[in-house]
Amino acid sequence: MVKFYAGLADELILYIRQLAWWNASQKRTDKVGRSEREVKLPSRAAQALEKDAEIYYPPLAPELGYLVEYLQRLDFIEPGAAGPVRLSFTEIRSWALLSGVQLKPWEVDLLRKMSTEFVSEVNAAENPQRPAPWMPVDALQEKQAIERRIKDVLRGG
């Protein structure tokens, strides 16, 4: 039974990391003369929508959707002094009481883990070069084919 829940948790975590990656505000450093300034770019999701590109997520068992919804209703994270932090037990408890949702202990633990992973990926995904946590097989194969063609061209082949 524990392995079953661990597998579901892994599936949820990957989905949440992908969600954070799409929605993170990217940062780029531009050099202006001798100084540098940080420029905030639109999220990958906003850029994809602008280009009519597909926004893709890993498959998620329908039975797990309610936990993603709960995390969304909790706003994924809490503001911290140095940036976003994971949801506290107090925040989750308050939300559950006010919303009339009765959470099981394992659900609370999983919501905190999901929030931790969201914060981690949002911070890492500020780097425009950060790869997506998950890619559909066809997109991954296409990326690998492009990389091979580039290497061939650079080798003169």
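Since this is a predicted model, take the numbers as computed values, not measurements.

The next point concerns the pairing of strand 1 (residues 26-32). Successive residues of a regular strand alternate their side chains across the two faces of the sheet. With seven bridges connecting them, strand 1 and strand 2 (residues 35-41) associate as antiparallel partners. Directly across from Asp30, in strand 2, lies its bridge partner Arg37. Once strand 1 ends, the chain turns through two residues before running back antiparallel as strand 2, passing Gly33 with a positive phi of about 65°.

Glancing now at the side chain of Asp30. Checked against the element boundaries, Asp30 lands in strand 1. Using a relative accessible area of 18% as the deciding quantity, one classes Asp30 as buried. Among the polar contacts listed, one links the side chain of Asp30 to the side chain of Arg28, at a separation of 2.9 Å. If we skip the residues at most four places from it in the chain, Asp30 touches Ser35, Glu36, Arg37 and Val39.

Turning our eyes to something else, we now look at unusual backbone geometry. The phi dihedral of Asp75 falls on the positive side, at around 65°, and the residue is not glycine. Turning to its location among the elements, Asp75 is positioned in the loop between helix 3 (65-73) and strand 3 (78-80). Phi angles above zero are rare outside glycine, and Phe76 is one such case at about 65°. Relative to the elements of secondary structure, Phe76 occurs in the loop between helix 3 and strand 3. Since its relative accessible area comes to 16%, Phe76 is described here as buried.

Criteria and thresholds
Residues numbered from 1 in each chain as written. Predicted model: local features only at pLDDT ≥ 70, side-chain atom pairs only at ≥ 80, totals over all residues. Heavy atoms only, no water. Pairing = 2+ DSSP bridges. Helix = DSSP H or I, 4+ residues; strand = E, 2+ residues; numbered from the N terminus. Buried < 20%, exposed > 50% of the residue type's maximum accessible area, 1.4 Å probe, protein only. Polar contact = N/O pair within 3.5 Å; in protein donor to acceptor, adjacent residues only side chain to side chain. Contact = heavy atoms within 4.5 Å.

Function cannot be inferred from these measures alone, as they are strictly geometric.
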